[in-house]
Amino acid sequence: MNRVAGALRRTFGVIRNHVGTDHLGNKYYFVPEQKTWTGRLVRAKRMVEAANPTEYEYIEGSIPMEWDAWIRGRRKEPPSIEELVKNESYREQIKLKAKEVEEKDLSLQTKEYEEGLVAAPLKTVTKGHAAATSFGKQEMSEEPTSTANTFQPGSWLPDSKK
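Values in this document were obtained by computation on a predicted structure and should not be read as measured data.

Conventions adopted
- Residues numbered from 1 in each chain as written.
- Predicted model: local features only at pLDDT ≥ 70, side-chain atom pairs only at ≥ 80, totals over all residues.
- Heavy atoms only, no water.
- Helix = DSSP H or I, 4+ residues; strand = E, 2+ residues; numbered from the N terminus.
- Buried < 20%, exposed > 50% of the residue type's maximum accessible area, 1.4 Å probe, protein only.
- Areas by Shrake-Rupley, 256 points an atom, 1.4 Å probe, with all protein chains shown as cover.
- pLDDT = per-residue confidence, 0-100.
- Patch = residues over 30% accessible without salt bridge, like charges linked within 9 Å, V, L, I, M, F, W, Y side chains within 5 Å.
- Salt bridge = Lys/Arg side-chain N within 4 Å of Asp/Glu carboxyl O.
- Lys, Arg positive; Asp, Glu negative; His and termini not counted.
- Charge placed at Lys NZ, Arg CZ, Asp CG, Glu CD.
- Polar contact = N/O pair within 3.5 Å; in protein donor to acceptor, adjacent residues only side chain to side chain.
- Contact = heavy atoms within 4.5 Å.
- Phe/Tyr/Trp six-rings, centres within 6.5 Å; stacked < 30°, edge-to-face > 60°.

What to know about the overall build of the protein
Okay, step 1: Along the backbone of the protein there are 3 helices and 5 strands.
Okay, step 2: In the protein, the succession of α and β elements from N to C terminus is α-β-β-β-β-β-α-α.
Okay, step 3: A burial count over the protein gives 11% of its 162 residues as buried.
Okay, step 4: Per element, the accessible surface of the protein, about 14200 Å² overall, is 56% carbon and sulfur.

Brief notes about the confidence of the model for the protein
Okay, step 1: Scored by pLDDT, the protein has a mean of 79; 65% of the residues are at 70 or more.
Okay, step 2: Averaged over each element, pLDDT in the protein is lowest for helix α1 (residues 2–12) (61) and highest for helix α3 (residues 81–115) (93).

Notes on a negative patch on the surface
Okay, step 1: A grouping of Glu-100, Glu-102, Glu-103 and Asp-105 is seen on the molecular surface, where their side chains present a negatively charged patch.
Okay, step 2: In this fold, Glu-100 is placed in helix α3.

Let's talk about the side chain of Asn-26
Okay, step 1: In this fold, Asn-26 is placed in the loop between β1 (17–21) and β2 (27–31).
Okay, step 2: Its relative accessible area of 5% is what places Asn-26 among the buried residues.
Okay, step 3: A polar contact is formed between the side chain of Asn-26 and the backbone nitrogen of Ala-51, at a distance of 2.8 Å.
Okay, step 4: When neighbours within four sequence positions are excluded, Asn-26 is seen to be in contact with Gly-20, Thr-21, Val-48, Glu-49, Ala-50, Ala-51, Ser-62 and Ile-63.

Description of the packing of aromatic side chains
Okay, step 1: The full count for this structure, using the stated rule, is 2 aromatic pairs.
Okay, step 2: With a centroid separation of 4.0 Å and an interplanar angle of 5°, the aromatic rings of Tyr-28 and Trp-67 are classed as stacked. On the criterion of sequence distance, the pair formed by Tyr-28 in strand β2 and Trp-67 in helix α2 (residues 65–71) is long-range, its members being 39 residues apart. Across this residue pair, the class does not change: Tyr-28 and Trp-67 are buried.
Okay, step 3: Aromatic ring contacts, followed pair by pair, group Tyr-28, Trp-67 and Trp-70 into a single cluster.

Quick look at the structure:
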């Protein structure tokens, strides 16, 4: 089908120029402004032919940022291979530095907690949900703890093990 479509495009005057291919196998084309055999003017456009043409196989990041910028017209020239390699290594360096900073921050935070410079975060154990009617109230016990003067209905449950 691709060959037939290509032959029809060439026959009827809509020509696309292959600009480049990325490391994922996506092919990028530029269609210059031109007139078709019917006299219709076709605007210049940029397009990508995905390596995985089916929509459900698309994964975020399937198009490198540099090529995405070219397709959307945010840059005039398509990216070179050297630029793509340089930017990818730069991204990896940034990820490594971010991981190092995070580890250093975590160790510094632990040290401050141990030395008492910063109060450790409280670990609260709250049972139930704030919207529940029993939230914040003492749990009912099976042992009677009240006397006749302070007895509250429902504050004591009989032993259910009988």
